[in-house]
Each structure stands twice: as structure tokens, then as C-alpha cells.
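Architecture and fold: a report
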Amino acid sequence: MKLVLDTNIFVSAFYWGGNPQKIINRVIDGLDSLCISNEILNEIAVVMARPKFNTATEIIEEYVQAIEKLGRKVFVTGKIKGICRDKNDDDKIECGITGGADYLITGDEDLLVLGFYKNLKIVTIKEYLKTFN
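Residues numbered from 1 in each chain as written. Predicted model: local features only at pLDDT ≥ 70, side-chain atom pairs only at ≥ 80, totals over all residues. Heavy atoms only, no water.

A short note on the overall build of the protein
Worth spelling out the cut-off: In this description a helix means any DSSP run of H or I spanning at least four residues, a strand means any run of E spanning at least two, and both kinds are numbered starting from the N terminus. Atoms counted for the radius of gyration: C-alpha only. Globule rule: 2.2 Å times residue count to the power 0.38. For every residue, the accessible area (1.4 Å probe, protein chains only) is compared with the maximum for its type, and the residue is labelled buried under 20%, exposed over 50%, or partly exposed between those bounds. Here, two residues are considered to be in contact whenever any of their heavy atoms come within 4.5 Å of each other. Surface accessibility in these figures is a Shrake-Rupley result with a 1.4 Å probe; residues are shielded only by whichever protein chains are displayed. We score Asp and Glu as negative and Lys and Arg as positive, and we do not count His or the chain ends. Lys charges are placed at NZ, Arg charges at CZ, Asp charges at CG and Glu charges at CD.
The helix and strand inventory of the protein stands at seven helices and six strands. Secondary structure of the protein in N-to-C order comes out as β-α-α-β-α-α-β-α-β-α-β-β-α. Computed over its C-alpha atoms, the radius of gyration of the protein comes to 14 Å, within 12% of the 14 Å expected for a compact globule of 133 residues. Within the protein, buried positions represent 45% of all 133 residues. Considering only residue pairs separated by 6 or more positions, the protein has 63% of its internal contacts joining residues 24 or more positions apart. Total accessible area computed for the protein in this model is approximately 7,200 Å², and 51% of it derives from carbon and sulfur atoms. Considering the protein, the positive charge centre built from 17 side chains and the negative charge centre built from 19 side chains are found 4 Å apart.

Quick notes on the sheet that holds strand β6 (residues 120-123)
Test applied: Strands are treated as partners if at least two bridges between them are detected by DSSP. Angles shown run from 0 to 180 degrees and are taken between the N-to-C directions of axes, each axis being a line fitted to C-alpha atoms and, for helices, limited to the stretch in contact.
Read from one edge of the open sheet, six strands run β3-β2-β1-β4-β6-β5, paired in mixed fashion. Of all the strands in the sheet, the pair left with one neighbour each is β3 (72-73) and β5 (116-117). In this sheet, β3 lies alongside strand β2 (residues 33-36) in parallel orientation, the contact comprising two bridges. Bridged to C35 within β3 is R72. Packing against the sheet, helix α2 (residues 18-28) makes contact with β1 (2-5), β2 and β4 (103-105), and its axis sits at approximately 140° to β1.

Considering the pairing of β6
Looking at chain direction, β4 and β6 are connected through three bridges and run parallel. Its bridge partner lying in β6, L104 is registered against I122. Pairing of β5 with β6, which is carried by two bridges, proceeds in the antiparallel orientation. Its bridge partner being in β6, F116 is matched across the sheet by K121.

So, the pattern of salt bridges
Note the following rule: The term salt bridge refers to a side-chain nitrogen of Lys or Arg lying within 4 Å of a carboxyl oxygen of Asp or Glu.
Summed over all chains, the structure comprises seven salt bridges. The residue D6 makes a salt bridge to K92 at a minimum N-O spacing of 3.9 Å. Placement of the pair is D6 in the loop between β1 and α1 (7-16) and K92 in helix α5 (residues 90-99), with a sequence separation of 86 residues. What makes D6 buried here is its relative accessible area of 2%. As a salt-bridge pair, K92 and D89 come within 3.5 Å of each other at their nearest N and O atoms. Look at the salt bridges and you will find they share partners, linking D6, E43, D89, D91 and K92 into a network.

Right, dumping it as C-alpha cells:
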């Protein structure tokens, strides 16, 4: 399956492992493919730089670069607007639609409440793993 992973999935995988890491491992193992955008990569770096995580800039840069290499870059133009109740999440939907993704995996209720947009299914990690693991 082609996936878009929300920022919270990447951050959770890095700091806590668990199901978020299982999703990333599926991409590493070639079971799924990843669509990624500059907007998602930038958001990962911003979130990981928060003082509560106390993570060195070099570590953040290495992680973001690894994610970028793992995925197929999709260019988001901002043409999809007003879909999500949090306008800052529209870029994830656009990444999925532009990249031809099957699933957007997230823990964000602002996205999950949609359920789907066009052919993009929006699900939690547990829902995805229940179906494909």
C-alpha cells in the first residue's frame, strides 16, 4: 500500500517505538511505500526541536534525512484547502492525493473525523495494522 504518515507517527516512532515503528518497518521492509512532502519533513523537524524532547539538532537532521530517503517526494502546492477542520493538516491530504496514496495514517482527530477524502482512507495505526499485519 502507498501511505502518508502524519507527523505524530514519525515522532512517536522515534521516541517510543511501538506500533508507529511497526508502520515504518513495513516501509523499510518494502511491504508499503511512503509518500512524503517537504511540509511533513519540516513539521517533523519543528516538533522534534521542542524543548520537551531535548533532541540534538544533528539527530533531528539525520532522522529527517532518513525519512526523506525512505519515501517518494510529493510536491504540495496548496491547491487542496478547507478540507480538514485544522487547515494545517490539508497538506497531508494533498500529499496523499497527489502521491496516489491509499492511506493516511494518523492519530490526529482533526484528520480521523474525515474517514476518507476522495480515494484516500484516513485511519489510525491500529486500524491499519489490524488489516495489513
